[in-house]
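Below are the chains, spelled out letter by letter.
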Amino acid sequence: RCKQCDLQGQDLTGKDLRGVVLVGTNLRQANLENVDLTGSDLSEANLRWVNLRGANLTRAKLVGVDLVLANLRGADLTGADLSAADLRWANLTNARVRMADLTEVNLRWSNLTKVDLFRSDLTGANLSGSNLTSSDLSGANLSDADLSKVDLRAVRLKGTRFCQTKMSGGEK
């Protein structure tokens, strides 16, 4: 348990941090590559410029986190709660984000190439300018989401819900 701790720039590569509480913690520029954060609570944490490549964030609570410019390439966020998180310019290439809560998340200009977003809730999400090439949005909820200038080439959309979704100027 480490509420509002300062772990900026720390190298925690490969650590087992399952179930840890890091609410409001400063992890800016930390290296969390291949870390297991299953079921952890990182709500309101500063994860700007963090390396979470290959990390396991299954069922993690990441409400309101700052993940601007974060590297989440190949990370597993299955069932995670990322509501109201800021992921502008983040790299989520090949990430697994199945059945996750992404309501009101900011993914503007993020790289979401080959991301598995199966049955995720993206209600009110801002994905403008993002690259979703070859991603799976099957069964996802994109109600009230902003997909303007989004690259949707080869995206799987079977059963995806579009209700008042903003879509303009992107590749369709």
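Here goes a summary of the coordinates provided. For clarity, every value in this text was computed on a predicted model and none was experimentally measured.

It is worth spelling out the overall build of the protein at this point. When its secondary structure is counted, the protein shows zero helices and zero strands. Taking 16 Å as the expected radius of gyration for a compact globule of 172 residues, we find that the protein reaches 15 Å, a close match to that expectation. C-alpha atoms of the protein, sized along the principal axes, occupy 45 × 20 × 20 Å. Summarising the internal contacts of the protein: among those between residues at least 6 apart in sequence, 0% fall at separations of at least 24. For the protein, the computed accessible surface area is about 7800 Å², with 43% contributed by carbon and sulfur atoms. The centroid of the 23 positive side-chain charges in the protein is displaced by 4 Å from the centroid of its 20 negative side-chain charges.

Glancing now at the nonpolar core. Ranked by size, the top nonpolar core spans 51 residues in total, and within it L47, L77, L87, L92, L127 and L132 carry the most contacts. Ignoring sequence-local partners within four residues, the contact set of L92 consists of L72, R73, L77, L87, V97, L107, N111, L112, T113 and V115.

On to unusual backbone geometry, then. For R59, which is not glycine, the phi dihedral falls at a positive 60°. Overall, the relative accessible area of 55% leaves R59 in the exposed class. Here W109, not a glycine, exhibits a phi torsion of approximately 60°, which is positive. Judged by its relative accessible area of 40%, W109 falls in the partly exposed class.

What follows deals with the environment of T133. A relative accessible area of 17% places T133 in the buried class. Polar side-chain contacts of T133 include one of 3.3 Å to the side chain of D151.

With a relative accessible area of 1%, L27 lands in the buried category. For L27, the contacting residues outside a window of four places in its chain are L7, Q8, L12, L22, L42, N46, L47 and V50.

What follows concerns the side chain of N26. With a relative accessible area of 18%, N26 lands in the buried category. At 3.1 Å, the side chain of N26 and the backbone nitrogen of R28 are in polar contact. When neighbours within four sequence positions are excluded, N26 is seen to be in contact with C5, D6, L7, Q8 and N46.

Once that is clear, we can look at a nonpolar patch on the surface. On the surface, W49, L69, W89 and W109 cluster together to form a nonpolar patch covering roughly 430 Å² of accessible area. Residue W49 is classed as partly exposed on the basis of its relative accessible area of 47%.

Taken as a whole, this structure holds seven salt bridges when the rule is applied. For D86, the salt bridge goes to R88, with nearest N and O atoms at 2.7 Å. Notably, a salt bridge pairs R153 with D151, separated by 2.4 Å at the nearest N-O pair. Residue class for D151 comes out buried when judged on its relative accessible area of 11%. Through salt bridges with shared partners, a single ionic network connects D16, R18 and D36.

Bringing the environment of S120 into the picture now. What makes S120 buried here is its relative accessible area of 1%. In contact with S120, not counting residues within four places along its chain, are V97, R98, M99, A100, L102, A140 and N141. Within the local environment of S120, its side chain forms a polar contact with the backbone oxygen of V97, the two atoms lying 2.5 Å apart.

Cut-offs used in this document
Residues numbered from 1 in each chain as written. Predicted model: local features only at pLDDT ≥ 70, side-chain atom pairs only at ≥ 80, totals over all residues. Heavy atoms only, no water. Helix = DSSP H or I, 4+ residues; strand = E, 2+ residues; numbered from the N terminus. Rg over C-alpha atoms; globule rule 2.2 N^0.38 Å. Contact = heavy atoms within 4.5 Å. Areas by Shrake-Rupley, 256 points an atom, 1.4 Å probe, with all protein chains shown as cover. Lys, Arg positive; Asp, Glu negative; His and termini not counted. Charge placed at Lys NZ, Arg CZ, Asp CG, Glu CD. Core = buried A, V, L, I, M, F, W, Y, C linked by side-chain atoms within 4.5 Å. Buried < 20%, exposed > 50% of the residue type's maximum accessible area, 1.4 Å probe, protein only. Polar contact = N/O pair within 3.5 Å; in protein donor to acceptor, adjacent residues only side chain to side chain. Patch = residues over 30% accessible without salt bridge, like charges linked within 9 Å, V, L, I, M, F, W, Y side chains within 5 Å. Salt bridge = Lys/Arg side-chain N within 4 Å of Asp/Glu carboxyl O.

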